[in-house]
Amino acid sequence: MNNRIAQLEATLTLGPVVPVVVIEDAAQAVPLARALVAGGAPAIEVTLRTPAALDAIRAIAAEVEGAHVGAGTILNPADLDNAVQAGATFIVSPGSTPALLDAAEEQSVPLLPGAASASEAMILLERGYTLQKFFPAEAAGGTAMLRSLGGPLPGIRFCPTGGVSTKNARDYLSLSNVICVGGSWLTPRDLVAAGDWNAIEQLARDAATLH
C-alpha cells in the first residue's frame, strides 16, 4: 500500500489541477491530452461515463508522451480491471465499496477513493488510504467541511472534485489538507467538440498557475 500511495502522490503533485475529462469520441483523446500536457496538466482523469472512455485511455497511454492517464468513475471491480488493462496509471472512484477496495488491493495501480464524510474518510484511512478524493466537494460542504475534517483527521490529504472551478480552486488549494483539485473546466464540451486544442492548452496553462 505504501508504494501505491507514493505513486499516487507523485501523480497528484504534477500540477495543482487534475483535469476531469469526458471523452465522447476516442479520436479526440490524443490531441486533447497533448494540449493538457503542453499546458502543464499532465495528470488526466478520463471518466468512464462514455463508451469511448476505455479506447481513449488506451490511446493516451500509448501515444501521449508525458501524460499520466487515470480512469475515473470506477464503480466496481470490473470497471477497475478494464481501466487497468486499458493502461490507466491511477484509478479514481466517487466513493468506495468493500468489493472495490478489495479488488484495488490486488492491483499495482493506485486508487484515489472518494469520501464525503468523516466516517467514510475514517474507513478508508483504516485501510491505509491517506490520499482521498473529496466528492462531491461543493455539495458536501466545500472548504469549510475540509477545514473541519483537518482537525481530527490530519493524516489525510484530499483532492476535492465536484463544483470546483476557477472561482474557488485557490480557496481549496490554500488548505493544508488539500493535495490538488479535480476540475472539468479545463476541457469544456464546446471546445472539445470544436477541436480547439490551443484554447484547452491555455486553460491548462492558467490552471497550472493556481496555488
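Definitions and limits used
Residues numbered from 1 in each chain as written. Predicted model: local features only at pLDDT ≥ 70, side-chain atom pairs only at ≥ 80, totals over all residues. Heavy atoms only, no water. UniProt positions renumbered as here; feature names shortened; annotations may be inferred. Disulfide = S-S within 2.5 Å. Buried < 20%, exposed > 50% of the residue type's maximum accessible area, 1.4 Å probe, protein only. Pairing = 2+ DSSP bridges. Helix = DSSP H or I, 4+ residues; strand = E, 2+ residues; numbered from the N terminus. Phe/Tyr/Trp six-rings, centres within 6.5 Å; stacked < 30°, edge-to-face > 60°. Contact = heavy atoms within 4.5 Å. Salt bridge = Lys/Arg side-chain N within 4 Å of Asp/Glu carboxyl O.

- Under the UniProt heading Pathway (unreviewed entry), the note attached to the protein chain is "Carbohydrate acid metabolism."

## A word on the state of the cysteines
Move 1: The final tally for this structure, using the stated rule, is zero disulfides.
Move 2: Left without a disulfide partner, Cys159 is nearest to the cysteine sulfur of Cys180, which lies 3.5 Å away.
Move 3: With relative accessibility at 0%, the residue Cys180 sits in the buried group.

## Some words on the sheet that holds strand S7 (residues 131-134)
Move 1: Here we have three strands laid out as an open sheet, ordered S6-S7-S8, and parallel in their pairing. Each of the sheet's edge strands pairs with one partner strand only, and the pair in question is strand S6 (114-115) and strand S8 (157-160).
Move 2: In this structure, S7 lies alongside S8, joined through four bridges in parallel fashion. Bridge assignment links Lys133 to a residue of S8, and that residue is Cys159.

## A look at the packing of aromatic side chains
Move 1: Considering all chains together, one arrives at one aromatic pair under this definition.
Move 2: Taking 6.1 Å as the distance between ring centres and 70 degrees as the angle between the ring planes, the aromatic pair formed by Phe134 and Phe158 counts as edge-to-face. Placement of Phe134 in strand S7 and of Phe158 in strand S8 is noted, with a sequence separation of 24 residues between them.
Move 3: The class for Phe134 is buried, based on a relative accessible area of 1%.

## Describing the side chain of Thr161
Move 1: Here Thr161 lies in the loop between S8 and helix H8 (169-173).
Move 2: A relative accessible area of 6% places Thr161 in the buried class.
Move 3: Those residues in contact with Thr161 that lie beyond four places of it in its chain are Val20, Lys133, Phe134, Phe135, Pro136, Ala137 and Gly182.

## Side note on the pattern of salt bridges
Move 1: For the coordinates displayed, the defined rule picks out six salt bridges.
Move 2: One salt bridge in this structure joins Asp55 and Arg58, with 2.6 Å as the shortest N-O distance. Within this pair, Asp55 and its partner Arg58 are both found in helix H3 (residues 53-63), separated by three residues, close to a single helical turn.
Move 3: The partly exposed category is assigned to Asp55, whose relative accessible area is 41%.
Move 4: Judged by its relative accessible area of 40%, Arg58 is partly exposed.
Move 5: The salt bridge partner of Arg127 is Glu105, with a shortest N-O separation of 3.0 Å. A residue pair is termed long-range when its members are at least 10 positions apart, and Arg127 in the loop between helix H6 (118-126) and S7 and Glu105 in the loop between helix H5 (98-104) and strand S5 (111-112) qualify at 22 residues.
Move 6: Since its relative accessible area comes to 28%, Arg127 is described here as partly exposed.
Move 7: When its relative accessible area of 34% is taken as the criterion, Glu105 is described as partly exposed.
Move 8: Residues joined in a network through salt bridges with shared partners are Asp102, Glu105 and Arg127.

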